[in-house]
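# Coordinate analysis (summary)
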Amino acid sequence: MLGSSTVLAQTMTVHSDGRAISFNLTNVDSITFSEVEEFEPGDEREFQLNDEVNVTMCWIPAGLLVMGSPNDDNDRYDDEQPVHQVQIETGFWMSKYEVTQDIWETVTGETPSFFDGNDRPVERVSWDDIHEGFLAQVADGFRLPSEAEWEYACRAGTDTRFFWGDDNNYQAIGDYAWYSNNSDSQTQNVGQKRPNAWGLYDMIGNIWEWCEDDYHDNYEGAPENGSPWIDAPRADGRVLRGGSWSRNPRSCRTAYRNWDDPDYRYSQYGLRLVLDR
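Attention in this report is confined to the structure presented alongside it. (Residues numbered from 1 in each chain as written. Predicted model: local features only at pLDDT ≥ 70, side-chain atom pairs only at ≥ 80, totals over all residues. Heavy atoms only, no water.)

### Focus on the overall build of the chain
On a plain count of helices and strands, the chain comes out with 3 helices and 15 strands. Out of the 277 residues belonging to the chain, those deemed buried represent 53%. Considering only contacts in the chain between residues 6 or more positions apart, those separated by 24 or more positions represent 66%. On the chain, roughly 13000 Å² of surface is accessible, and the fraction owed to carbon and sulfur atoms is 40%. (Helix = DSSP H or I, 4+ residues; strand = E, 2+ residues; numbered from the N terminus. Buried < 20%, exposed > 50% of the residue type's maximum accessible area, 1.4 Å probe, protein only. Contact = heavy atoms within 4.5 Å. Areas by Shrake-Rupley, 256 points an atom, 1.4 Å probe, with all protein chains shown as cover.)

Next up, the structure:
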């Protein structure tokens, strides 16, 4: 419960778990705030992308991420180290599914994907396409996740190789992901596999998901607060996470990192949205 306070300004904004509420305080001597609505991890809400389409998003709480792969993971790569702690300071919303072809076409009027299907994830979109052709046409606040936010949301409170466990022999991955052994060499409709504990589907497999960050070949000097790691001037590559329909299980591990040029389009590259609210 927030206490009473004497008002000296005309407006006041209260921030809670990434949500901001503004009050008009003109001619008010004092005000008492009741508790702002709180969300549980995985709570769902519908948000309006534009006048024609909504998107379902899940609440990702603030918390601590242990990011990267430990030395005892024999399948790790050098760019997944060093393991480091990241404090996700503010909760955020993340789209329950990868952005579909139907949503992309409704927003942009374009159909870039190699594989056709309204409920398949949009692919063959570049990082530049997302910023210049999609995010520029949706409501304020929607963005790509930082790499740390992506890994934090994918792990959903776990510290194992996958959000369902270490799965050292990759026996369970087919229950959670579309990858090289079960995808029939193509994307699949979103939401058919099992979600993680925070309600997110297809975080592993189906398509690579662009992140906001520039790519770095290790985590030395990475931000500790979950913000995107961006160089000045910007580096040549942008980060992709999650694996895809064509990749083997090793490349689908939660900590695995990929990258490409920001203008490159590929039938494995798509996106998932984040909303600060």
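### Concerning the pattern of salt bridges
Scanning all chains against the criterion turns up 16 salt bridges. Where R161 meets D75, a salt bridge forms, and the shortest distance between an N and an O atom there is 3.4 Å. Here the residue R161 occupies a position in the loop between α3 (147-155) and β11 (208-214), and D75 occupies one in the loop between β7 (63-67) and β8 (84-88), the gap between them amounting to 86 residues. R143 is the salt-bridge partner of D276, the closest N and O atoms lying 2.8 Å from each other. One end of the pair, D276, is in the segment after β15 (274-275); the other, R143, is in strand β10 (residues 142-143), with 133 residues separating them in the sequence. One network of salt bridges, in which partners are shared, links D73, D75, E80, R161 and R253. (Salt bridge = Lys/Arg side-chain N within 4 Å of Asp/Glu carboxyl O.)

### Notes on the packing of aromatic side chains
Two numbers describe a pair of aromatic rings. These are the distance of the centres and the angle of the planes. Under the criterion given, the structure shown has 21 aromatic pairs. Judged by centre distance (5.5 Å) and plane angle (85°), the rings of F163 and Y176 are edge-to-face. In this pair, F163 sits in the loop between α3 and β11 while Y176 sits in the loop between α3 and β11, placing the two residues 13 residues apart along the sequence. Relative to Y256, the ring of W208 lies with its centre 5.8 Å away and its plane at 35°, an arrangement referred to as tilted. With W208 in strand β11 and Y256 in the loop between β12 (238-241) and β13 (257-260), this residue pair connects regions lying 48 residues apart in the sequence. In this structure W208 comes out as buried when scored by relative accessible area, which is 0%. Classification of Y256 as buried rests on a relative accessible area of 12%. Taken together, the aromatic side chains of F162, F163, W164, Y170 and Y176 make up a single cluster linked through ring pairs. Directly above the aromatic system of W178 lies the positively charged group of K193, at a separation of 4.1 Å from the ring centroid. (Phe/Tyr/Trp six-rings, centres within 6.5 Å; stacked < 30°, edge-to-face > 60°. Lys NZ or Arg CZ within 6 Å of the ring centre and 35° of its normal.)

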